[in-house]
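Per-entry structural report
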Amino acid sequence: GTNQAIDNPRMAAPTNAVCIFKERPVGVPTKDTFDFQAAPMPEAKEGEVVVQATFISVDPYMRGRMTAAKSYVAGFQIGKPLAGGVAGVVVESKAESLKKGDAVVGFLGWAKYQAVSAKSLQKVDAKTIPIEKHLSSAQYSGLSSWLPIKYIGMPKKGEVAFVNAAAGAVGSCACQLLKIQGLTVVGCAGSAEKIKWLEGLGIKAFNYKDGKFSDLLAKHCPNGIDVAFDNVGGEQMEAILENMNNFGRVICCGMISQYNLEPEDMYGVKNLFHIIKKRLKLQGFIQSDWTGEKRAEAVKELVAWISQKKLITTETVVEGFEKIPEAFAGLFSGKNLGKMLVKV
């Protein structure tokens, strides 16, 4: 075929760029943490496809991969591209399982174009629901809420659930999924806009900045808590333990209040005796703990709830590949409503 770029000078050949991990941040990551570099256009080898990224997910857990300390995901390497959840389109295929034009998601490098093994990608249905939902409620944040709720929280109709960071990507899914299961759900967030958004979804919500957290939680959960979904840790975890009912379950998903602190500055929870007194279950997890059938079934359930408008999620979309640093830093100052995505 003729080269369109030459026939039509306005259609310049696509150029590639990657986002490199430049230096380890102290505290909240800044522009200096990242470096953007031009890169050659990739070509697919046998069994590979070239993916053009359309959305890149930035998430709080990535901060843990930026420290030299051991975390549950291998650390990012200085001078190498960063990686995470990416949605995109296949533009070239040398694999049987995928063809040009297929919508895919995967754990990929932060690059505009990349050649990867077709086996590392998941083909997704971008017709029933928009492709970006596969980076939020249908996969990543959806599974990070639904799988632990189902298998750790074991929710029963009529119980009371509490979710903190309730307007974040995972928190907002967790609130609605607990509500779908017939629980009374109370959430907290840090701005009037977020509270209003949660109340619009039928979630009782309060602003944690309105007073002492332990007082606010006791006031909004007068009958105690049966299932807690904790994304914050620290002082909020202490208040959760204080308000749990006997045989309550605490899903330990994240500790965003502690991520940017030095070990000596971290909060010491003082009331762990409640675990014994109230016979509580506290369990941490990583969503990849559940594989195979359990995972596939969960995705099906999530896609159905999203298409039925029972699970409504919002994405905060920052336009432009080079805006990754601002989007990432924004996670730690509460700039995002729902999942924070960069549109490439």
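Calculation rules
Residues numbered from 1 in each chain as written. Predicted model: local features only at pLDDT ≥ 70, side-chain atom pairs only at ≥ 80, totals over all residues. Heavy atoms only, no water. Salt bridge = Lys/Arg side-chain N within 4 Å of Asp/Glu carboxyl O. Helix = DSSP H or I, 4+ residues; strand = E, 2+ residues; numbered from the N terminus. Buried < 20%, exposed > 50% of the residue type's maximum accessible area, 1.4 Å probe, protein only. pLDDT = per-residue confidence, 0-100. Contact = heavy atoms within 4.5 Å. Core = buried A, V, L, I, M, F, W, Y, C linked by side-chain atoms within 4.5 Å. Axes fitted to C-alpha atoms, helices over the stretch in contact; angles between N-to-C directions. Parallel < 35°, antiparallel > 145°, perpendicular 65-115°, else oblique. Left-handed = near helix turned anticlockwise from the far one by under 90°. Nonpolar A, V, L, I, M, F, W, Y, C, P; charged D, E, K, R; others polar. Arc of directions from axis to C-beta. Pairing = 2+ DSSP bridges. Lys, Arg positive; Asp, Glu negative; His and termini not counted. Polar contact = N/O pair within 3.5 Å; in protein donor to acceptor, adjacent residues only side chain to side chain.

Attention now goes to the pattern of salt bridges. As enumerated under the stated definition, the model contains ten salt bridges in all. Across the pair K31 and E326 runs a salt bridge whose closest N-O atoms are separated by 3.2 Å. Residue K31 is located in the loop between β1 (16–21) and β2 (34–39), and its partner E326 is located in helix α9 (residues 324–330); the two are separated by 295 residues in the primary sequence. On the basis of relative accessibility, which here comes to 34%, the residue E326 falls in the partly exposed class. The salt bridge involving K150 is made with E301; its shortest N-O contact spans 3.0 Å. Of the two residues, K150 sits in helix α2 (residues 140–153) while E301 sits in helix α8 (residues 292–307), which places them 151 residues apart along the sequence.

Taken residue by residue, the protein gives an average pLDDT of 93. The fraction at 70 or more is 97%. Under a pLDDT of 50 for its full length, residues 1–7 has, in the predicted model, five contacts with residues more than four places off or in other chains.

Let us now look at the nonpolar core. With 39 residues, the main nonpolar core has I149, V163, L177, L178, V185 and L198 as its most contacted residues. Setting aside residues no more than four positions away along its own chain, L178 makes contact with I149, P155, A161, V163, L183, V185 and V227. In terms of nonpolar packing, the next biggest core, distinct from the first, is built from 32 residues, V49, L82, V318 and I324 among them.

What follows concerns the packing of α2 against helix α3 (residues 169–180). Running from amino to carboxyl end, α2 crosses α3 at an angle of 45°, the nearest separation of the two axes being 8 Å. Considering the angle they form, α2 stands oblique to α3. As for the relative orientation of α2 and α3, their crossing is right-handed in sense. When α2 is examined against α3, the residues S141, G142, S144, S145, W146 and I149 are found in contact with a partner set consisting of A169, V170, C173, A174, L177 and L178. Taken together, the residues of the contact of α2 with α3 sort by class into eight nonpolar, four polar and no charged.

This part takes up helix α4 (residues 192–200). Taken as a whole, α4 has its buried residues at K194, I195, W197 and L198. All buried residues of α4 lie within an arc of 160° about the axis, which places them on one face of the element. For α4, the exposed residues set more than 90 degrees away from the buried face come down to A192, E193, K196 and G200. Along its buried surface, α4 packs onto α3, β9 (184–189) and β10 (204–207).

It is worth spelling out the sheet that holds strand β11 (residues 225–230) at this point. The sheet built from six strands is open, its strands ordered β10-β9-β8-β11-β12-β13 with parallel pairing. Pairing within the sheet leaves two strands with one partner each, and these edge strands are β10 and β13 (281–284). Direction aside, neighbouring strands of the sheet carry axes that sit 15° apart on average. Lying over the sheet, helix α5 (residues 213–220) contacts β8 (160–163), β9, β10 and β11, oriented at roughly 160° with respect to β10. On top of the sheet, helix α6 (residues 234–243) reaches β8, β9, β11, β12 (244–252) and β13; it is set at about 150° to β12, its chief contact.

Time to look at the packing of α2 against α8. For the pair α2 and α8, interaxial distance at closest approach is 10 Å and the crossing angle is 115°. Considered as vectors, α2 and α8 are oriented roughly perpendicular to each other. Both α2 and α8 take part in a crossing whose hand is right-handed. Counted together, G142, L143, W146, L147, K150 and Y151 of α2 and K294, R295, E297, A298, V299, E301, L302 and W305 of α8 form the full contact between these two elements. Its residues placed into classes, the contact of α2 with α8 shows eight nonpolar, one polar and five charged.

With that settled, the discussion passes to unusual backbone geometry. In this structure, F247 takes a positive phi of about 60° despite not being glycine. Among the structural elements, F247 can be located in strand β12. Within the chain, R279 stands out as a residue other than glycine whose phi angle is a positive 50°. Its location among the elements puts R279 in the loop between α7 (274–277) and β13. Owing to a relative accessible area of 43%, R279 belongs among the partly exposed residues under this scheme.

Moving on: α6. Of all ten residues in α6, eight are buried; the element is thus mostly enclosed. Of all the residues in α6, the buried ones are G234, Q236, M237, E238, A239, I240, L241 and N243.

Within the fold, D230 resides in strand β11. Of the buried charged residues, D230 lacks a salt bridge, with K278 as the closest side chain of opposite charge at 14 Å. At 2.9 Å, the side chain of D230 forms a polar contact with the backbone nitrogen of V232. In contact with D230, other than residues within four places in its own chain, are N164, M237, I240, I251, C252, C253 and G254.

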